Amino acid sequence: MKYTKIFLKDITNLKIGSNSFIEIYSCDKNAEVNIDPRPTMVVCPGGGYAMCSYREAEPIALRYLSEGFNCIVLNYSTKTLFPIPQLELAITIDYIRNNCTKYNMSCDYINIVGFSAGAHLAASYSLYYKEYAEMMNVDFMILKPFSLTLAYPVISKKFANNSGSFFNLSLGDEKLFDKFDIIENLTSDFPPTYVWTTKKDGYIDPENSILLVEEFKKHKIKYKFTLFNEGIHGGSLFNHAVYDDSYNFEATKENKIWVYESIDFIFNLIKEDKIGR
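Throughout what follows, the structure given in this document is the object of discussion.

The rules behind these values
Residues numbered from 1 in each chain as written. Predicted model: local features only at pLDDT ≥ 70, side-chain atom pairs only at ≥ 80, totals over all residues. Heavy atoms only, no water. Disulfide = S-S within 2.5 Å. Axes fitted to C-alpha atoms, helices over the stretch in contact; angles between N-to-C directions. Helix = DSSP H or I, 4+ residues; strand = E, 2+ residues; numbered from the N terminus. Parallel < 35°, antiparallel > 145°, perpendicular 65-115°, else oblique. Contact = heavy atoms within 4.5 Å. Nonpolar A, V, L, I, M, F, W, Y, C, P; charged D, E, K, R; others polar. Buried < 20%, exposed > 50% of the residue type's maximum accessible area, 1.4 Å probe, protein only.

**Section: the state of the cysteines**
So, point 1. In this structure the tally under the stated criterion is one disulfide.
So, point 2. What pairs with Cys100 in a disulfide is Cys107, and their sulfur atoms sit 2.2 Å apart. Since a negative S-S torsion denotes a left-handed disulfide, the Cys100-Cys107 link at about -90° is left-handed.
So, point 3. No disulfide involves Cys44; its nearest neighbouring cysteine sulfur is the one of Cys52, lying 8.6 Å away.
So, point 4. Left without a disulfide partner, Cys71 is nearest to the cysteine sulfur of Cys27, which lies 8.8 Å away.

What follows is the structure, encoded as structure tokens:
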């Protein structure tokens, strides 16, 4: 595996955060394992747009790496005005498109996994990527993600606990909250999405995910949804890579299947796409 760290300010002329960066985890081509180039996974950690959580960053990248993906963790700007984090995600995807051979990544299959506020980043980006393409003067299809995986996502302005993330993304300008609401702005252009959350998430109401899935049905967006019985907010991988022994691993052992479900969802989409070509 190769590790590369790049500050986004070094690869764009656009006005973004000075400290945002990407971390690339990539495996080279291998004659024995014929899966080259690898599908790409961009990881958007959560943290309420106030920070980027480690437990939803490198451990996630390494987990997907072990399943045949090459991965990029986006350490985006926080406590900054919309759409700077979304634009940083656009810059990341544009960089992948232009350097996919270098990192043995597939340009055709660029996926995004996001957690909590990072899931909102992935979802809101997927609503407005055409706007960012115009800002960057690139073809909008370059910035379109192949699929999303949204973990305990921040989705709707109707839930009080989402206001913290929205406040940090708007710097307190509540007039922007309407634009942040994924459900109110959803269209049939939204990418296929795997969504999961837990019934006992005491921070981000699981109704965020349930309402989102209902909108997917209305717009005929391909999706898979899993609602686990147990697990606190921020469960991530539910293992010792992200929590110490004080965590109740026994109660959430079934939750670990979300990674497999996400991977199966994506590889089935890839198979369908290849058949359709």
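Back to the write-up after that little detour.
**Concerning the packing of helix H2 (residues 84–99) against helix H3 (residues 117–136)**
So, point 1. One way to put it is that H2 packs onto H3 with a least axis distance of 8 Å and a crossing angle of 70°. Considered as vectors, H2 and H3 are oriented roughly perpendicular to each other. Across from Pro85, Gln86, Leu87, Leu89, Ala90, Ile91, Ile93 and Asp94 in H2, the residues of H3 making contact are Leu121, Ala122, Ser124, Tyr125, Tyr132, Met135 and Met136.
So, point 2. When its residues are assigned to classes, the contact of H2 with H3 shows 12 nonpolar, two polar and one charged.

**What to know about unusual backbone geometry**
In terms of backbone geometry, most residues other than glycine have negative phi values and most peptide bonds are trans.
So, point 1. With omega at 10°, the peptide bond leading from Phe82 into Pro83 counts as cis.
So, point 2. Here the phi dihedral of Tyr49 falls at roughly 60°; this positive angle occurs in a residue that is not glycine.
So, point 3. Residue position: Tyr49 is located in the loop between strand E3 (38–44) and helix H1 (58–65).
So, point 4. For Asn104, which is not glycine, the phi torsion reads 55° and is therefore positive.
So, point 5. Tracing the backbone through its elements, the reader meets Asn104 in the loop between H2 and strand E5 (105–115).
So, point 6. When its relative accessible area of 4% is taken as the criterion, Asn104 is described as buried.

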